[in-house]
Each structure stands twice: as C-alpha cells, then as structure tokens.
Amino acid sequence: MTTTTQLTRVLVWNEYRHERNNERVAQVYPEGIHAVIASALNNAPDISAETATLDEPEHGLTQARLDQTDVLLWWGHMAHDVVHDEVVERVIQRVWAGMGLVVLHSGHFSKPFRRLMGTGCDLKWREDGRHERLWVVDPSHPIAGGLPEAIELPQTEMYGEHFDIPAPDALVFVSWFEGGEVFRSGCCFQRGSGKVFYFRPGHETYPIYHNPMIQRILINAVRWARPAGGPTPTYGHSQPAHGAPAT
Ligand code: ZN
C-alpha cells in the first residue's frame, strides 16, 4: 500500500521594499527575502511554497489565493500602514477558518498580527549587529524538532522585553543578546481554528534566512501551523444533535 503525502500550500508574503531601496539589503537578498524563504521551504518534500508581495494587485493576497493557502508567512517592516484594511480582514478571516500564519521579525507591528493579538505588540530594539543566542525552551515542541539546544546568530538586531503580546499558548524560543536583554522569540497562539507562530530573527541587513537552522525552524513552523483537517465547525442556530434524524 502506498501513501501519498498531502502537499502543504504555503504563501510567503513580503513587503519587498528594503531590498529595492537599500544596497546593503539587496546584497544579502538580491531577489528578496521572500525568494530565499520560499526556496528553503520548497526543499521540504511536503511543502509547496509560492510568493506574494505588497506592490502586486491586492498585495498578491486575493480571496482566491488565500483560500488556496494552508500557511501564510508574513515579513513586513517599513510599509505596514500601506496594507489595505480589506486585505487584512481577509487574512484574519482565513486564520479564524484554519489557515496557519507565521509572522516574522518586524511583522510584530503588522496589521494582521496586532489585530490577532489585541495588544500593542511593541518592544525595545537596537540595531547594533551583535550576538544573539536563540535558546530552545520547549524541546518537546514540534517546532524544535531537529534543533540543537541553542542556535548562535553572530550578528543580529536586538529585540528586548517587554514584548507587549498576550501570554503565548506555548513558548518555544527565548533569545539572549550580548547587550544583556532577553526576548520571547518563538511564540505560539491559537486564534479561532488557526495557529499563529511569531518568530523573531530576520532583520533585513543580516543573512538570517540563509542560516540552515533558521530554515529548519521555518519548515517546522509550517508543519505545525498547517490545518489539521478536523471538522468544519457549525455556528448559529442549530437543532438538537441527539435524537432521530429529521425527516
Ligand atoms: Zn529589523
């Protein structure tokens, strides 16, 4: 008997502005952050990843495209306010209906993430290119599969607590920074029928998404966040579930 692997359909969304405006960023990601992430995800046999960017019509996030997406990844920074509220609403509705959402780095201030969290999502930061140690604090969590106890990132931007989010359902990573700060860098949330994962590393001037360990985490996160295939909930007025079927 053969089994067929169900492909997880992933859409990697990127604002794609820094790469076109900043020479330093263009050197690290000549084809955009989204291209590197999608390529890494497509190395997994059970994942089929495509990309979408802010300046495409409807930001590349039409209803039809979102309806065919199992997990959406979101990288944004300088243009959060340009994202149309109508598109944000579509993303939220899809998460509530079961689509997974992986929010990356400065996406902590994106409209979809702030809406889903219901808090300000602010933090402290410093772009000093110093060392980050990303500790696995939940080694039995699926997103930690195949990882060492800690991952060293020689150059990063610092994000420090307090991070103004609700208490996560699971905390997978905590970062330590050379300046002494710590940060909840891998946070899991359930929103409606959808799973949301926030992952901190990914500042655009450092080759974070080229790191094989970071790529492993993103693959794990997609597998964790994809819809589980459970029943579609029934909402609204309903007849009793017990007793004889209606004739
Ligand atoms: Zn950054």
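See the structure shown above.
Residues numbered from 1 in each chain as written. Predicted model: local features only at pLDDT ≥ 70, side-chain atom pairs only at ≥ 80, totals over all residues. Heavy atoms only, no water.

**A look at the pairing of strand β1 (residues 8-14)**
And then number 1: Buried residues dominate β1, accounting for 6 of its 7 residues.
And then number 2: Pairing of β1 with strand β2 (residues 47-53) involves 7 bridges; the strand directions are parallel. From the neighbouring strand, N14 faces β2, where its bridge partner is T53.
And then number 3: The pairing of β1 with strand β3 (residues 71-75) spans 5 bridges and is classified as parallel. Considered in β3, the bridge of W13 is made with W74. (Buried < 20%, exposed > 50% of the residue type's maximum accessible area, 1.4 Å probe, protein only. Helix = DSSP H or I, 4+ residues; strand = E, 2+ residues; numbered from the N terminus. Pairing = 2+ DSSP bridges.)

**Thoughts on the packing of aromatic side chains**
And then number 1: Under the definition given, this model contains 10 aromatic pairs.
And then number 2: With 4.0 Å between their ring centres and 25° between their planes, W13 and W74 make a pair best called stacked. With a gap of 61 residues between them, W13 in strand β1 and W74 in strand β3 connect regions that are remote in the sequence.
And then number 3: For W13, a relative accessible area of 1% corresponds to the buried category.
And then number 4: Members of the aromatic cluster, each reached through a chain of ring pairs, are F113, Y159, F163, F183, F189 and Y198.
And then number 5: Above the ring of Y16, the side-chain terminus of R20 is found at 5.0 Å from the ring centroid.
And then number 6: Over the ring of Y159 we find R200, and its NZ or CZ is 5.0 Å from the ring centre. (Phe/Tyr/Trp six-rings, centres within 6.5 Å; stacked < 30°, edge-to-face > 60°. Lys NZ or Arg CZ within 6 Å of the ring centre and 35° of its normal.)

**Describing the coordination of the zinc ion**
And then number 1: The protein atoms that coordinate the zinc ion are H105 (NE2), E157 (OE) and H203 (ND1), at distances spanning 2.0 to 2.1 Å.
And then number 2: Read N to C, the donor residues that coordinate the zinc ion are spaced as H-x51-E-x45-H. Taken together, the residues span a long stretch of sequence, with H105 in the loop between β4 (100-104) and α6 (111-117) and E157 in strand β6 (residues 150-160) at a distance of 52 residues. (Donors = N, O, S within 2.8 Å, 3.2 Å for Na, K, Ca; no water.)

**Describing the pairing of β4**
And then number 1: Of all 5 residues in β4, 5 are buried, a share of seventy percent or more.
And then number 2: Going residue by residue along β4, you find G100, V102 and L104 tucked away on one face and L101 and V103 tucked away on the opposite face as well.
And then number 3: Note that β3 and β4 share 5 bridges and pair parallel. Each bridged residue has a counterpart across the sheet, and for L72 the counterpart in β4 is L101.

**Remarks on the nonpolar core**
And then number 1: With 41 residues, the main nonpolar core has L41, L73, F173, F197, Y209 and I217 as its most contacted residues.
And then number 2: Considering every element that reaches this core, the biggest residue donor is helix α7 (residues 212-225), with 8 residues.
And then number 3: With near-sequence residues (within four places) excluded, L41 lies in contact with V10, V12, I47, A49, L73, L218, I219 and V222.
And then number 4: Grouped together as the second largest cluster of nonpolar side chains are 33 residues, F113, L116, Y159 and Y198 included. (Core = buried A, V, L, I, M, F, W, Y, C linked by side-chain atoms within 4.5 Å. Contact = heavy atoms within 4.5 Å.)

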